[in-house]
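Working through the structure, step by step
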Amino acid sequence: MKETDEWEWEVDSEYHWFRWELGSIVRYRDLLFRLVRRDLLANYKQTVLGPFWILLQPILTTLIYWLIFARIVKVSTDGVPALLFYLSGVICWNFFSDCLSGAMYTFLTNSAIFSKVYFPRLIVPVSSMLAHSMRLLVQMILFFCIYFLFYASGGVPGPGWGWLFLPVLLLMTGLFGLGAGLIISVLTAKYRDLDYTLQFVLRIWMFASPVFYPARIVTGGEKLWFWLNPLTPLIETFRAICFGREVVSYDYLFICVFDILVILVCGIALFKRHELKLTDIV
Amino acid sequence: MDPIIIKAEGLSKYYRLGMQGSGRFREDWSYWWQQRLRPSKEGREEAHIWALKDVSFEVRAGEVVGFIGRNGAGKSTLLKIISHITKPTKGSVKGRGRIASLLEVGTGFHGDLTGRENIFLNGHILGMTRREILSQFDEIVEFSGISAFLDTPVKRYSTGMYVRLAFAVAAHLTPEILIVDEVLAVGDAEFQQKCLKKMKEVSTAKGRTVLFVSHNLQALRNLCQRAFLLEKGELVASGDPGMLIAQYLQKESVQYLQQEYADIQTAPGNQSVRIKRVELIPDYPDGGNIIDIRTALKLELEFWYEPPTSSDLIVGIHLFNLAGDCIFDISSPRFSLERGLVSGGCLIPANFLNDGSYYISIVFVSNTTSRLFYFESCLSFQVADYRENTAWYGKWIGHVRPDFPVTLRSEKLLPDE
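These figures come from a predicted structure and were not determined experimentally.

What counts as what
- Residues numbered from 1 in each chain as written.
- Chains lettered and ligands numbered in written order.
- Predicted model: local features only at pLDDT ≥ 70, side-chain atom pairs only at ≥ 80, totals over all residues.
- Buried ≥ 20, exposed ≤ 12 C-beta atoms within 10 Å, placed from the backbone.
- Helix = DSSP H or I, 4+ residues; strand = E, 2+ residues; numbered from the N terminus.
- Pairing = 2+ DSSP bridges.
- Axes fitted to C-alpha atoms, helices over the stretch in contact; angles between N-to-C directions.
- pLDDT = per-residue confidence, 0-100.
- Contact = placed C-beta atoms within 7 Å.
- Nonpolar A, V, L, I, M, F, W, Y, C, P; charged D, E, K, R; others polar.

So, the pairing of strand S3 (residues 64-68) of chain B
Residue and element names in this part refer to chain B. Counting buried positions along S3 yields five of five residues, so the element is predominantly enclosed. Taking every second residue as pointing to the same face, both faces of S3 are buried, with Val64, Gly66 and Ile68 on one and Val65 and Phe67 on the other. Strand direction decides the pairing type here: S3 and strand S7 (residues 209-213), joined by four bridges, are parallel. Residue pairing in the sheet places Val65 in a bridge with Leu211 of S7. In this sheet, strand S8 (residues 226-231) lies alongside S3 in parallel orientation, the contact comprising four bridges. Counterpart to Gly66 in the pairing with S8 is Ala227.

And the structure:
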C-alpha cells in the first residue's frame with residue numbers, strides 16, 4: 001500500500017515570491033475563457049445599444065477631443081488627420097487604463113468568492129485583460145476602416161511592413177496595464193484610500209501622455225520625464241508606424257519595454273505572494 | 001484500509017485582530033516599525049486569536065468526516081486551509097486529488113447571465129472542465145428543475161429556483177475531496193432533505209471523501225462515519241460521531257429536540273434495539289416558540305425491538321443538567337414485548353424544571369439488570385426563565401422549580417400598642 005510521501009498538493013505556511021504556478025492557469029483555461037465571455041456578455045446586458053458601446057465610446061471621445069483640441073484650442077496633430085490622430089491615442093490609452101483598472105479591483109470586487117473557493121487568482125486580471133483585448137480588436141477594425149477612408153483620399157501613407165509590429169506595441173501596452181494593475185490590486189486591498197488617489201493619478205497620467213497632442217511639442221526639462229513614461233514611446237511609435245513618420249527614439253522604446261517587463265514580473269510576484277494573505281484582510 | 005488522502009500536521013492559524021485589517025497605511029507602518037525596533041517586547045503584543053492550534057489528523061479516501069464545534073471553534077478556518085483559500089501560520093496539509101467546496105448558495109453566480117451561462121461559470125469556478133460540465137449538463141438541469149427558464153437571467157429567478165440551480169451545479173461536482181461548510185443553513189426542509197440525500201449518494205456510491213461542517217447535528221450524525229470535535233481552535237477528540245455529538249452537547253447546551261433514522265441498518269443501537277425516532281415536543285404556552293419553565297415537554301420514542309430470549313424490557317429516562325447532575329431517573333414498568341416496532345414516551349410536566357440546559361439519555365434494560373443499550377445524550381434542550389408577580393430577578397436556585405403552593409395565613413392578631 002502506498003502511504004509514502006507521494007502527495008499531489010501541499011498547503012504550508014510559507015509565502016513565496018516566485019512560485020507562480022502559471023501551469024495552473026492552463027489547467028483552469030475553461031474558467032479563463034468563461035470569465036472573458038462573462039465580461040463581454042454581462043457588461044452590455046440591459047443597455048439599449050449593447051456591444052455597440054465598444055465602438056461608440058472611442059468615437060464619442062474622439063469627437064469631443066476633435067471639437068476641443070482641433071477646433072477650439074487648435075493643438076497641432078503633426079499633419080496627421082485629426083480624427084485618426086485622436087482615435088489612435090484614445091484607443092491606446094483606453095486599452096491601457098482598462099487593463100489597469102480591470103486588474104486593480106481584483107481583490108475588492110471578488111472578495112466574496114475568493115473567501116469561498118480556490119482557483120488561481122491570476123485568472124481574474126488575465127481574463128479581464130483578454131476581454132479588453134477583444135474590445136481592442138473591434139476598435140482596431142474601426143480604426144482601420146476610418147484609416148482606409150483617409151487613405152483613399154490620400155491623407156495617410158497606407159499599409160507597410162511596420163504594421164506587423166503594431167500587435168507587439170499593443171501587447172506591451174496591455175501588459176503594462178496588467179503589471180501595474182496587479183501591484184495596485186494588492187495595495188488597494190490593504191489600503192482602500194489608494195483607490196481615490198488612483199482615479200486622480202490616472203486622469204493626470206492621461207494628460208501627461210501624448211493622447212491628444214504630439215510628443216514633439218514637449219521640449220526642455222520635462223522632455224526626459226515625459227519620455228520615461230512607457231506610454232509615450234508606445235503611442236508615439238504606434239503613430240509613427242501608422243502615419244509613416246520616423247520612429248522618434250529606439251532608445252526610449254527599449255527602456256520602456258524593459259520597464260514594462262520589470263513591472264510585470266514585480267506585479268505577478270507581488271500578486272502571487274499576497275493572493276492568499278489578502279483573503280484574511282479583505 | 002483505504003489510503004490516506006489528507007494529512008494535516010500541526011496546523012495553526014493566527015489572526016491579528018484590529019491591526020491587520022486597519023486598511024490605514026499609517027497604522028501598518030508604525031506597527032512595522034514597532035516590530036523592527038523592539039521585536040522581543042512581549043508587553044506590546046496586541047489583540048490576537050489562535051483560530052487553530054496545533055491540529056493534526058488524517059482522513060482516508062472515501063471517508064465522510066464531520067467537524068463539530070461551536071461558532072469560532074475553528075471549523076471553517078480549518079476547511080479554508082484545506083481548500084487552499086488561506087494559509088496556515090504553522091504546519092501543513094498534504095493531500096491527493098482535486099478538492100472542491102460546495103459553495104454557499106449563489107456564490108459565483110452572475111445575475112445578468114442566463115441559467116445556462118451560470119451553470120458553466122459556476123462549474124468552472126468549482127474546477128470542472130467544460131467536458132465534465134457538458135457530460136453532466138442534462139442531469140444538472142433536471143435535478144434543479146429549471147429547464148423552462150434556462151435562458152432567463154438568474155436575477156429574475158425566484159429564490160427557490162436560484163437555490164436549486166446553485167445546489168444542482170455543486171452536487172454534480174466530481175472532485176476526489178468535497179468540502180461542505182454549512183450549506184444547509186439555507187433552503188426549506190424539503191430542499192435540505194434533497195441535499196442530504198444527494199450528499200450521501202456522492203459519498204457512498206461514488207466513494208468520494210467528504211469533509212462536512214454543519215450545525216445540523218442530525219445530518220452530521222447520519223452522514224458521517226467519523227467526527228472531529230474542535231474547541232477554541234484545538235482538536236479535542238475524534239471518533240464516532242454519535243459519541244462526539246453527545247460529548248459536545250453535554251458541554252455546549254444546544255437545542256437538539258429530535259433524532260430520526262430512516263434506515264434501520266445504520267440507526268444507533270445494536271442487535272436488540274434500533275432507534276427509529278426520539279423527539280421532544282414542547283407544548284408552548286401562549287403560542288411562542290421558546291421553552292420556558294411553564295412549558296410541558298412530551299418525550300416520544302420509537303424503536304425497533306428484537307427481544308433477547310425470554311426477557312422483559314424496561315426503558316428508563318435520565319435527565320441531566322449541564323453540570324452532569326442527574327435530575328431524575330424514571331423508568332417504565334416491565335414489559336414483555338414482541339419483536340417489532342415499539343413506541344413509548346413520557347411527559348415532563350410544566351412548572352417542574354428550573355431554568356437551565358438539560359440533556360436526556362435513554363436506557364434500555366432487560367430483566368431489570370442487564371443493559372441492552374444506552375442512548376447517551378440523545379436529546380438536549382434549554383429552559384428559559386419566566387416570572388410573574390415578582391420583583392426579584394436574580395438566579396432562581398434549585399435543580400427543580402415545582403409550582404407547589406406555599407401558603408401563609410394570619411393566625412392571631414396582636415393588639416395595637
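Remarks on the sheet that holds strand S16 (residues 356-366) of chain B
Residues and elements named next belong to chain B. The strand order across the open sheet formed by four strands is S14-S13-S16-S17, and the pairing between neighbours is antiparallel. The sheet terminates laterally at strand S14 (326-331) and strand S17 (370-383), the two strands that pair on one side only. Strand-to-strand, the axes of this sheet are offset by a mean angle of 15°, without reference to chain direction.

Structural notes on the confidence of the model for chain A
Chain-level statistics for chain A give a pLDDT mean of 88 and a share of 98% at 70 or above. Helix H7 (residues 123-152) of chain A holds the highest mean pLDDT among the elements of chain A, 94, whereas helix H6 (residues 111-114) of chain A holds the lowest, 83.

With respect to the environment of Ile49 of chain B
Position of Ile49 of chain B among the secondary structure elements: in strand S2 (residues 48-60). Ile49 of chain B sits 131 residues away from Val180 of chain B along the chain, and the two C-alpha atoms are 25 Å apart.

What about the interface of chain A and chain B?
By a frequent convention, interface size equals the accessible area lost on bringing the separate parts together. Of the residues lining the interface, 31 residues belong to chain A; the matching set on chain B comes to 41 residues. Counting only elements with at least two residues in the side of chain A that touches chain B, the list comes to strand S1 (9-11), helix H2 (29-43) and H6 of chain A. Residue contributions to the side of chain A that touches chain B peak at six residues, all from H2 of chain A. In terms of residue class, the side of chain A that touches chain B is built from 15 nonpolar, three polar and 13 charged. As defined by bridge partners, S1 of chain A adjoins strand S4 (residues 90-95) of chain B across three bridges and the pair is classed as antiparallel. Residue Glu10 of chain A lies in a different strand from S4 of chain B, and its bridge partner there is Lys94 of chain B.

A short note on unusual backbone geometry
Positioned with a positive phi, Lys74 of chain A is a non-glycine residue whose angle comes to about 60°. For Lys74 of chain A, the location among the structural elements is in the loop between helix H3 (53-72) and helix H4 (82-104). You can call Lys74 of chain A exposed: it has 9 C-beta atoms within 10 Å. Phi at Asp54 of chain B is positive, roughly 50°, even though this residue is not glycine. In this structure, Asp54 of chain B sits in strand S2.

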